[in-house]
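# What the coordinates show
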Amino acid sequence: MTAFLPLALPDVILVQPRRFGDARGYFCETYVKPVYAANGIGADFVQDNESLSAQVGTIRGLHMQAPPFAQAKLVRVLSGAIYDVAVDVRKGSPTYGQWAGARLTAEGGEQLYIPQGFAHGFCTLAPDTRVAYKVDAVYDRASECGIIWDDPDLAIDWTLGDGEKILSDKDRILPRLKDFDSPFAYQGTAASER
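Residues numbered from 1 in each chain as written. Predicted model: local features only at pLDDT ≥ 70, side-chain atom pairs only at ≥ 80, totals over all residues. Heavy atoms only, no water.

Per an unreviewed UniProt entry, the protein is named dTDP-4-dehydrorhamnose 3,5-epimerase, and its organism is Xanthobacter flavus. Here is the UniProt Pathway (unreviewed entry) comment for the protein, exactly as written: "Carbohydrate biosynthesis; dTDP-L-rhamnose biosynthesis." (UniProt positions renumbered as here; feature names shortened; annotations may be inferred.)

## Here we look at the overall build of the protein
In terms of regular secondary structure, the protein is built from 2 helices and 13 strands. The C-alpha radius of gyration of the protein comes to 16 Å, within 12% of the 16 Å expected for a compact globule of 194 residues. Principal-axis analysis of the C-alpha atoms places the extent of the protein at approximately 55 × 40 × 30 Å. Every one of the 194 residues in the protein was classed for burial, and the buried ones make up 46%. The long-range share in the protein, meaning contacts at least 24 apart out of those at least 6 apart in sequence, stands at 80%. As presented, the protein carries roughly 9800 Å² of accessible surface, and 50% of it is formed by carbon and sulfur atoms. The centroid of the 19 positive side-chain charges in the protein is displaced by 3 Å from the centroid of its 25 negative side-chain charges. (Helix = DSSP H or I, 4+ residues; strand = E, 2+ residues; numbered from the N terminus. Rg over C-alpha atoms; globule rule 2.2 N^0.38 Å. Buried < 20%, exposed > 50% of the residue type's maximum accessible area, 1.4 Å probe, protein only. Contact = heavy atoms within 4.5 Å. Areas by Shrake-Rupley, 256 points an atom, 1.4 Å probe, with all protein chains shown as cover. Lys, Arg positive; Asp, Glu negative; His and termini not counted. Charge placed at Lys NZ, Arg CZ, Asp CG, Glu CD.)

## Description of the sheet that holds strand 1 (residues 3–6)
With antiparallel pairing, the 6 strands of this open sheet are ordered in space as 1-2-10-7-12-5. The sheet is open, and its two edges are formed by strand 1 and strand 5 (47–53), each paired on a single side. Recorded for the sheet is a direction-independent mean angle of 25° between the axes of neighbouring strands. Here strand 2 (residues 13–16) pairs with strand 10 (residues 111–114) via 3 bridges, running antiparallel. From the neighbouring strand, Ile13 faces strand 10, where its bridge partner is Tyr113. (Pairing = 2+ DSSP bridges. Axes fitted to C-alpha atoms, helices over the stretch in contact; angles between N-to-C directions.)

## Let's talk about the sheet that holds strand 13 (residues 144–146)
Read across the sheet, 5 strands follow the order 9-8-11-6-13 without closing on themselves; strand pairing throughout is antiparallel. The two strands at the open ends of the sheet, each matched to only one other strand, are strand 9 (99–105) and strand 13. Taken pair by pair, the neighbouring strands of this sheet meet at an average axis angle of 30°, ignoring direction. The pairing of strand 6 (residues 59–65) with strand 13 spans 3 bridges and is antiparallel. Counted as the bridge partner of Met64 is Cys145 from strand 13.

## What about the environment of Pro115?
Assignment of secondary structure puts Pro115 in the loop between strand 10 and strand 11 (118–124). Here Pro115 falls in the buried class, since its relative accessible area comes to 10%. Pro115 sits 14 residues away from Gly101 along the chain, and the two C-alpha atoms are 14 Å apart. Apart from residues lying up to four places away in sequence, Pro115 is in contact with Asp11, Val12, Gln71 and Ala72.

## Some thoughts on the pattern of salt bridges
Taken as a whole and judged by the stated rule, the model has 10 salt bridges. Asp11 is the salt-bridge partner of Arg90, the closest N and O atoms lying 3.2 Å from each other. Of this pair, Arg90 sits in the loop between strand 8 (81–88) and strand 9 while Asp11 sits in the loop between strand 1 and strand 2, and the two are 79 residues apart along the sequence. The exposure classification of Arg90 matches that of Asp11, with both residues buried. Between Arg130 and Glu50 there is a salt bridge, with the nearest N and O atoms lying 3.0 Å from each other. Highlighted residues: Arg130 in strand 12 (residues 129–135) and Glu50 in strand 5, separated in sequence by 80 residues. What makes Arg130 partly exposed here is its relative accessible area of 32%. Residues participating in the shared-partner salt-bridge network are Asp11, Asp88 and Arg90. (Salt bridge = Lys/Arg side-chain N within 4 Å of Asp/Glu carboxyl O.)

Right under this line is the structure:
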């Protein structure tokens, strides 16, 4: 049976799908809409994305899209490993500005659900890491926004110590949370409905 484990931010859910193994390898259902919906993941996913990061220490994030193109995400690793992070950016939320993270690996098959209203980013922990994720709104360039990965007010522990970090030029110039005018407002938590 698939396990659904809320993290320190209860709307961010670590999913551990069950694998059925034998001499050939394994079989796993990576997404079953009614099962996920019954466990707090009711997003209507409309697009699948995949990224490849060649080097350890590649950071992608912290990203989001503003409404009406806000995206919930269901993230998993196809090869390699990442440390995956979600930051609550919903104005008025009791957990505004707090973050939660989890290690996701291809070997373990873990997934992380990040709802709308959270910035998302990850750091690669292995070379040639491929990440796949479902989103519940299509990509819209004009709606892109984000927060700088090393915001001292967030103090995210990316688990890499002082190792080299590889970022895109775009991700290097994102604002700090205190300078970000969040388009998201807190409207309660889905966790209270479970």
